[in-house]
Amino acid sequence: MPLEIDSEATARLMAMALDEARLAAGQGEVPAGAVVAEADGTFLASGRNQVIALSDPTAHAEILAMRKAAGIKGNYRLGGLILVSTIEPCPMCLMAAIHARLDRIFYGAPEPKWGAAGSRLCLHGMPWLNHRPVVAGGLMAEDCAALIQAFFRERRGKNQTDG
């Protein structure tokens, strides 16, 4: 049975994604984390933003978690799996998740500039798609938003004193 957004397992997965996001922040990356899991909530793979560390503009948390999961499964199709992300996926990440055939996508904080799951775009609802995952936002949204806000608040403070 698929996870519900308020399930204990989904909250546990988001806590894992938040841990990944904190690791990203500690490395100077935008604090985003993601986890891919089986439909019953069994952990499969995780990722965190590493665009700077890897010099790769596609190294978003969701993409890296899906790459690891695909490697574990031995298939680029990830049907039956779920993605949990600390932030609303951008267009690249959401389309990759749709292409991978993920069943469900849960995210924490909305992304007002790049969000593709309702904030700016609603890509998963396009009628021409042959796969439409269930997408739900707001899972531990306050914790996810606080982490991102603190990161950018600190970054702005450093920029103001640097000169």
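The structure this text deals with has already been given above.
Notes on the structure in this doc start here. (Residues numbered from 1 in each chain as written. Predicted model: local features only at pLDDT ≥ 70, side-chain atom pairs only at ≥ 80, totals over all residues. Heavy atoms only, no water.)

1. Things to note about the overall build of the chain
Piece 1. Within the chain, the regular secondary structure consists of four helices and five strands.
Piece 2. Overall, the chain shows an N-to-C arrangement of helices and strands of α-β-β-α-β-α-β-β-α.
Piece 3. C-alpha atoms of the chain, sized along the principal axes, occupy 50 × 30 × 30 Å.
Piece 4. Looking at the chain as a whole, 47% of its 163 residues are labelled buried.
Piece 5. By sequence separation, contacts in the chain at least 24 residues apart represent 57% of the contacts at least 6 residues apart.
Piece 6. Accessible area of the chain: about 8,200 Å², with a carbon and sulfur share of 56%.
Piece 7. Of the side-chain charges in the chain, 16 are positive and 17 negative, and the distance between the mean point of each set is 6 Å. (Helix = DSSP H or I, 4+ residues; strand = E, 2+ residues; numbered from the N terminus. Buried < 20%, exposed > 50% of the residue type's maximum accessible area, 1.4 Å probe, protein only. Contact = heavy atoms within 4.5 Å. Areas by Shrake-Rupley, 256 points an atom, 1.4 Å probe, with all protein chains shown as cover. Lys, Arg positive; Asp, Glu negative; His and termini not counted. Charge placed at Lys NZ, Arg CZ, Asp CG, Glu CD.)

2. Some points on the environment of I98
Piece 1. You can see I98 is positioned in helix α3 (residues 91–99).
Piece 2. Judged by its relative accessible area of 4%, I98 is buried.
Piece 3. Expressed as a C-alpha distance, the spacing of I98 and E8, which sit 90 residues apart in the sequence, is 25 Å.
Piece 4. Not counting residues up to four positions away in its chain, the partners in contact with I98 are L123, H124, L129, H131 and P133.

3. What about helix α1 (residues 8–26)?
Piece 1. The end-to-end C-alpha distance of α1, which contains 19 residues, comes to 27 Å, matching closely the 27 Å that a straight helix rising 1.5 Å per residue would cover.
Piece 2. Every buried residue belonging to α1 is among A9, T10, L13, M14, A17, L18, E20, A21 and A24, and all of these are buried.
Piece 3. Backbone geometry just downstream of α1 places G28 in the positive-phi region, at approximately 80°. (Expected span 1.5 Å × (residues − 1).)

4. Quick word on unusual backbone geometry
Piece 1. Notably, S55 is not glycine yet its phi reads approximately 50°, a positive angle.
Piece 2. Tracing the backbone shows S55 in the loop between β2 (43–48) and α2 (61–73).
Piece 3. You will see that R101, though not glycine, has its phi angle at about 70°, which is positive.
Piece 4. Assignment of secondary structure puts R101 in the loop between α3 and β4 (104–109).

5. Considerations on the pairing of strand β3 (residues 81–87)
Piece 1. Counting buried positions over the seven residues of β3 gives seven, a clear majority of the element.
Piece 2. Across five bridges, strand β1 (residues 33–38) lies against β3 in antiparallel orientation. Bridge assignment links V35 to a residue of β3, and that residue is V84.
Piece 3. Of the pairings in the sheet, the one linking β3 to β4 comprises five bridges and is parallel in character. Across the sheet, residue V84 finds its bridge partner in β4, namely F106.
Piece 4. Taking the sense of rotation as the criterion, the β-α-β connection linking β3, α3 and β4 turns out right-handed. (Pairing = 2+ DSSP bridges. Right-handed = clockwise from strand over helix to strand, strands pointing away.)

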